[in-house]
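Overview (structure and organization)
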Amino acid sequence: MKLLGHVDSLKSQTSIKFAAFIFISVASFYLGKHWSDGSRQLIFFSRQSPSGTTSSSPSIALSPNLNKEFNVSALIDTPEPPRSAKSEGKWASGSLKAPPPPPEFKIYGIVDENGTMSDKFEIGEFDTDLVENWDNGAEIEAETGKEDVRSTFRVKKFGFCGENMREYIPCLDNVEAIKRLKSTERGERFERHCPEKGKGLNCLVPAPKGYRPPIPWPRSRDEVWFNNVPHTRLVEDKGGQNWISRKGKDKFKFPGGGTQFIHGADQYLNQISKMVPDITFGHHIRVVLDVGCGVASFGAYLMSRNVITMSVAPKDVHENQIQFALERGVPAMAAAFATRRLLYPSQAFDLIHCSRCRISWTCDGYILMHPSILMLYNEDGILLLEVNRMLRAGGYFAWAAQPVYKHEEALEEQWEACTELHIRFSVLSEMLNLTTRLCWNLVKKEGYIAIWQKPLDNSCYLSREAGTSPPLCDQDDDPDNVWYVDLKACISRLPENGYGANVAPWPARLQIPPDRLQSIQIDSYIARKELFTAESKYWNEIVDSYVRALHWKKFQLRNVLDMRASFGGFAAAIIENQLDAWVLNVVPISGPNTLPVIYDRGLIGVMHDWCEPFDTYPRTYDFLHAAGLFSIERKRCNMSTIMLEMDRILRPGGRVYIRDSLDVMDELEDIAKAMGWRPTLRDTSEGPHASYRILTCDKRHG
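Note that the coordinates shown come from a computational prediction; the quantities given were computed from them, not determined experimentally. (Residues numbered from 1 in each chain as written. Predicted model: local features only at pLDDT ≥ 70, side-chain atom pairs only at ≥ 80, totals over all residues. Heavy atoms only, no water.)

Here we look at unusual backbone geometry
- Along the chain, Trp217 connects to Pro218 via a cis peptide bond; the corresponding omega equals 10°.
- Inspection of the secondary structure assignment puts Pro218 in the loop between helix H3 (175-179) and strand E5 (223-225).
- A positive phi angle, near 60°, is found at Asn306, a position not held by glycine.
- Mapped onto the elements, Asn306 comes out in the loop between helix H6 (297-302) and strand E9 (308-313).
- When its relative accessible area of 45% is taken as the criterion, Asn306 is described as partly exposed.
- Within the chain, Gln347 stands out as a residue other than glycine whose phi angle is a positive 50°.
- For Gln347, the position within the fold is in the loop between strand E10 (332-334) and strand E11 (349-355). (Helix = DSSP H or I, 4+ residues; strand = E, 2+ residues; numbered from the N terminus. Buried < 20%, exposed > 50% of the residue type's maximum accessible area, 1.4 Å probe, protein only.)

This is the structure we're talking about:
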């Protein structure tokens, strides 16, 4: 019993001590919290007295490390990198910092770390030494900061050219190059002779004094402002032929006549339709070439019949005829039948027209037509062979040969020019001889108008007698290759599969994928017809949004240039949205030649290299459209060169839409400001995160 009592006594004492310990601990915690001054304090409980003896009751003391700072991270045990014996002491003393962590793992390629194909990859850094420096008015400045180096482009503001350049066409007015020509007897001086690279335009071509916004179409067909084309030579030379006249002091008037159709173009067109009923303007005849167009009244009056006409003439003594045509709002280009192919594809035109076009299709040599006016060289009908190349299979050639005003002595002398060269046969009989060898069929001759039709295939050519001149061109000759290609004294072969001969009537042909789509040299990942249809739908939606959101119908859009036309989808969308404008589609030589498709659709276009100037007068376009052009051409030439050319051919008050990738937009915007344009950068319909933007610009200077 005593033992049990003693055990109970011990238990009782232990319980009391334990309870007391807990009580003191809790009390100390709350007292310490209440009286704490906010310093870091560690409280220690110990049974050892200050003298070193063990006490039965615990004592309380503060940590001796009160208010001391500790670097806890330094106390964590981390593996040290290997170090040399030389630096061992420095590591120990702490004079060297730990090395930075290893760089982040990067993938260069299209396979990730797991061996899976991925479309998220980096292409690495570019070599700044390979970046092409600007010239032609551009200045590069490097701004160096404390931590990095950033390069920014600053473009000097462009000044105005001299007043003598207000109608300057760089490749046609290159006097120095023309003087160096070995011969001019073939009309070489009327062809392109562009300035050397780096010596082109570096200033803004000024407008004439008193320049005014053009008169809107359709009034512009009949009258234009005098100050916009202040030249009276045509009035003096052609006033009696009903081409052009002066109306007061501030306007020119266009009565609609011509050398052959003094009583008006409409009456003349009706006569052609009656001569050949199959010539149905606006149906089977949609695209026309007018050679030696004058002020383009023939093409101007065809527009009301749903026919688009490319009017061409050389820049000769009547050099402003093309300028007048464009001021009227009629498609026209400065071009000459001389030594090279014109810049249009094979089988482009449904009808080619020549009314007193100052070209002798049959006579050899240089023939005087008028004081200071010379006929172009024609060897064995080589110029008519160029007409044959551009004429569609089954198409028509209309030739109005003799003037109707026999009382005018000068014109009568023109008609007798071949006789003066002692040629013993009439012009018409020689023309019949040549066209027979070309397998053309004389459909109708009435008065001084004759109309031929080109065959639909090569069967007639192949059935001619051996040795008949001119021969067929070689099989490897590409009739669509036109950029600086010499004329060839041979007949361009028609495709054996009939491509180009069978196009749908207008307007259905605008949206039907043509057969020649299959012959275009392009890399296509989907069927070409689907690609054609998709492009048409794409541009139709974009132009529709422009019309609605940007109020295009309020703009005076008449002369429009699409600088990278592809299949002509943008031009087709202009027609579908019923905008009263015409579009010249430009196919750059840096891409596939899609011009045959454009013409098969019933549109017009031209081949061009945008690293060179364009063959048109200054201030001839109201609107310039460039989609994806600069991101491609900047690899070949300076973007400022192209922009300066755009400024030259754009009217004051005209507009520019550039749709391109983000990486060119800053530079283009700087150049636009340097030229005095007013640029605005806009998002595309894909939103702010798309890789493309739209730079819209207004040209305000005159």
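Now, onward.
Let's talk about the pairing of strand E20 (residues 621-627)
- With respect to burial, E20 is a largely interior element, 7 of its 7 residues being buried.
- Pairing of strand E17 (residues 559-562) with E20, which is carried by 3 bridges, proceeds in the parallel orientation. Bridge pairing links Asp562 to His625 in E20.
- Taken together, the 6 bridges between E20 and strand E21 (residues 650-661) define a ladder with parallel strand orientation. Considered in E21, the bridge of Ala626 is made with Ile658. (Pairing = 2+ DSSP bridges.)

Some thoughts on the sheet that holds E10
- A sheet is described by the order of its strands in space; here 7 strands give the open sequence E10-E9-E8-E11-E14-E16-E15, paired in mixed fashion. Both outer strands of the open sheet, E10 and strand E15 (441-446), are each paired with one neighbouring strand and no more. Taken pair by pair, the neighbouring strands of this sheet meet at an average axis angle of 20°, ignoring direction.
- Packed on one face of the sheet, helix H7 (residues 321-328) meets E9 and E10 and runs near 155° to E10. (Axes fitted to C-alpha atoms, helices over the stretch in contact; angles between N-to-C directions. Contact = heavy atoms within 4.5 Å.)

Quick notes on the confidence of the model for the protein chain
- Across the protein chain, pLDDT averages 80, with 72% of residues at or above 70.
- This model gives residues 49-56 a pLDDT under 50, and the stretch forms 6 contacts once residues within four places in sequence are excluded. (pLDDT = per-residue confidence, 0-100.)

Brief notes about the packing of helix H17 (residues 639-649) against helix H18 (residues 662-674)
- Interaxial distance between H17 and H18 falls to 10 Å at its minimum, and their mutual angle equals 45°. For the element pair H17 / H18, the angle class is oblique. Note on packing geometry: the crossing formed by H17 with H18 is right-handed. Together, Met639, Ser640 and Met643 of H17 and Val664, Glu667, Leu668, Ile671 and Ala672 of H18 make up the contact between the two elements.
- Split by residue class, the contact of H17 with H18 holds 6 nonpolar, 1 polar and 1 charged. (Parallel < 35°, antiparallel > 145°, perpendicular 65-115°, else oblique. Left-handed = near helix turned anticlockwise from the far one by under 90°. Nonpolar A, V, L, I, M, F, W, Y, C, P; charged D, E, K, R; others polar.)

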